Amino acid sequence: MKEGILLCGHGSRRASGVASFKKLVSILRERYQDRYEVDYGFLEFNHPTYEAAVERMYLNGIRKIYALPVILFAGSHAKNDIPFELNTLQSYHNDLSIVMAKHIGVSSFLLDLAVKRIEETEATLPPIDRKDTCLLVIGRGTTDPDANSDVTKLTSMLWEGLGFGFATTGYSGTAYPNVNESMQLIQKLGFKRTIVIPFFFFTGVLLERIYGLVDEMQQQSDQDFVYTAPFGTDELILKAFDERLEEAKTGTAYMNCQLCKYRKQVVGFEEDFGKEQIGHHLNVKGILFEEDEKPGETKNSIGKKIKNILGI
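Please read these numbers as outputs of a predicted model, since none were measured by experiment.

**Q** Please give an account of the packing of aromatic side chains that cites residues and values.
**A** Where two aromatic rings form a pair, the distance of their centres and the angle of their planes describe that pair. This model, assessed by the stated rule, comprises twelve aromatic pairs. Judged by centre distance (6.3 Å) and plane angle (90°), the ring pair of Phe21 and Phe202 falls under edge-to-face. With Phe21 in helix H1 (residues 15-32) and Phe202 in the loop between strand E7 (193-198) and helix H7 (205-220), this residue pair connects regions lying 181 residues apart in the sequence. Each member of the pair, Phe21 as well as Phe202, is classed as buried. With a centroid separation of 6.2 Å and 85° between ring planes, the pair formed by Tyr36 and Tyr66 is classed as edge-to-face. Placement of the pair is Tyr36 in strand E2 (residues 36-42) and Tyr66 in strand E3 (residues 64-69), with a sequence separation of 30 residues.

So, in structure tokens, the structure goes:
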């Protein structure tokens, strides 16, 4: 019996972010089509919801689904929201099995892709010694120190591996320091150039905000501040998904529970220990952008025409 893959997205208020995610779905669907039925869903804002995607696969005869989170680091989305949704959906059908894969996390493929993006950016600029360059890695930022520390680990590996004069980590939200605070600190260090690499799959509100802040700093500073492209649908990302899928199939998709604030008492986050696993996206499920087309298909629906007229 054919098995299924559910690509678990977050959702975006930007149509361009949704389009980029659907492009990834199309690529992975083609990659896995011989063995799996591939579908997708969103936690918030967009359609289809996870529930709609799982029901679609179930009606097509799929009884085992591997859920691949399109999530880079294991904050509350990977630890609470997605498992909460999947556990709820699995309870609807006694004969359905949903196996959740691990997030991408600290992966050799992600590290190699970060190197690739940095070198692509350097190739467009006048050459200078890397010792005169600072690297700023920007993560999403969460209230979970375990997820934030994974970003910092990759920062350290890039710093040591590529030989930058200095490297540090900033976050687009929630965690400290934020993007602007990080750049203000770097400004005081006096490096000739700072390369900002956002650890994001696609464009969206947060990535646009990061790029805007870097552009502002570039205009204000006598130092150079430049940024790289997001990770997108590069083959290295696809290989990372291959790896996570294989782990899910073989039962080796382990989370880092040793430093998880929900499983252990972590300094500064003692009140989170043992919290109930409940999603927090219930009020914004599917509130934007109806599922007017599936990846690889185009539909000229009446609903789509109306939304275009209204500008939504």
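There's more to say after this.
**Q** Describe in detail the sheet that holds E7, supporting the description with residues and values.
**A** Taken in spatial order, the four strands make up an open sheet running E6-E5-E7-E8, and their pairing is parallel. Among the strands making up the open sheet, the edge pair consists of strand E6 (166-171) and strand E8 (224-227). Strand-to-strand twist of the sheet, defined as the mean angle between neighbouring strand axes without regard to direction, takes the value 20°. Across six bridges, the pairing between strand E5 (residues 133-139) and E7 is parallel. When the sheet's bridge partners are listed, Leu135 is paired in E7 with Ile195. Its contacts with the sheet put helix H5 (residues 145-162) on E5 and E6, and the angle it makes with E6 is roughly 160°.

**Q** Let's hear about the nonpolar core: which residues, and what values?
**A** The biggest cluster of nonpolar side chains holds 50 residues, and the ones touching the most others in it are Leu7, Leu110, Leu135, Leu158, Phe199, Phe231 and Phe241. Take this core: its biggest share by element is seven residues, from helix H8 (residues 235-250). Beyond its immediate sequence surroundings of up to four residues, Phe231 is in contact with Leu72, Leu110, Leu113, Ala114, Arg117, Ile197, Pro198, Phe199, Phe200, Phe201 and Ile237.

**Q** I'd like a description of helix H6 (residues 179-189), backed by residues and values.
**A** Count 3.6 residues to each turn of an α-helix, and residues three or four apart come out pointing the same way. Residues of H6 that are buried: Val179, Ser182, Met183 and Ile186. All buried residues of H6 project into a common sector of 95° when viewed along the axis, lining one side. The elements touched by buried residues of H6 are E5, E6, E7, H7 and E8. Near the N-terminus of H6, the side chain that reaches the backbone nitrogen of Asn180, with its oxygen 3.2 Å away, is that of Asn178. A positive phi of about 80° marks Gly190, the residue just after H6.

**Q** Could you give an account of the packing of helix H2 (residues 50-59) against helix H3 (residues 76-90), naming the residues involved and the relevant values?
**A** Any two packed helices are characterised by how steeply their axes cross, that is the angle between the axes, and by the distance between the axes. Look at H2 against H3: their axes get within 10 Å of each other, and the N-to-C directions meet at 40°. Accordingly, the angle class assigned to the pair H2 and H3 is oblique. Here H2 runs over H3; the crossing is right-handed. Across the interface between the two elements, Tyr50, Glu51 and Val54 from H2 touch Ile82, Glu85 and Leu89 from H3. A per-class count over the contact of H2 with H3 returns four nonpolar, no polar and two charged.

**Q** Hey, could you go over the layout of surface pockets for me, with residue numbers and the actual values?
**A** The calculated volume of the largest pocket comes to roughly 970 Å³. Surrounding the largest pocket, 38 residues form its lining, His10, His77, Arg140, Phe200 and Leu206 being those nearest its centre. Mapped onto the lining of the largest pocket, the elements with two or more residues apiece are H1, H3, H5 and H7. Among the elements that make up the lining of the largest pocket, the one with the highest residue count is H7 (four residues). Per-class residue counts for the lining of the largest pocket are 17 nonpolar, 17 polar and four charged.

**Q** Please provide a residue-by-residue account of the pattern of salt bridges, values included.
**A** Under the defined criterion, the tally for this structure stands at 15 salt bridges. Close ionic contact of Arg14 with Glu208 constitutes a salt bridge, the shortest N to O distance being 2.9 Å. Note that Arg14 is positioned in the loop between strand E1 (3-9) and H1 and Glu208 in helix H7, a separation of 194 residues in sequence. We classify Arg14 as partly exposed; its relative accessible area is 34%.

**Q** Tell me what's going on with the environment of Asp146, and back it up with residues and numbers.
**A** Within the element layout of this structure, Asp146 appears in helix H5. When its relative accessible area of 5% is taken as the criterion, Asp146 is described as buried. In the structure, Asp146 is positioned 72 residues away from Ala74 in sequence and 7.5 Å away in space, judged by C-alpha atoms.

Rules used throughout
- Residues numbered from 1 in each chain as written.
- Predicted model: local features only at pLDDT ≥ 70, side-chain atom pairs only at ≥ 80, totals over all residues.
- Heavy atoms only, no water.
- Phe/Tyr/Trp six-rings, centres within 6.5 Å; stacked < 30°, edge-to-face > 60°.
- Helix = DSSP H or I, 4+ residues; strand = E, 2+ residues; numbered from the N terminus.
- Buried < 20%, exposed > 50% of the residue type's maximum accessible area, 1.4 Å probe, protein only.
- Pairing = 2+ DSSP bridges.
- Axes fitted to C-alpha atoms, helices over the stretch in contact; angles between N-to-C directions.
- Contact = heavy atoms within 4.5 Å.
- Core = buried A, V, L, I, M, F, W, Y, C linked by side-chain atoms within 4.5 Å.
- Arc of directions from axis to C-beta.
- Polar contact = N/O pair within 3.5 Å; in protein donor to acceptor, adjacent residues only side chain to side chain.
- Parallel < 35°, antiparallel > 145°, perpendicular 65-115°, else oblique.
- Left-handed = near helix turned anticlockwise from the far one by under 90°.
- Nonpolar A, V, L, I, M, F, W, Y, C, P; charged D, E, K, R; others polar.
- 1 Å grid on protein atoms, 1.4 Å probe; cavity = no way out; pocket = protein on both sides within 12 Å on 5 of 7 lines; lining within 4 Å.
- Points joined across faces, edges and corners; volume = space filled by probe spheres on them.
- Salt bridge = Lys/Arg side-chain N within 4 Å of Asp/Glu carboxyl O.

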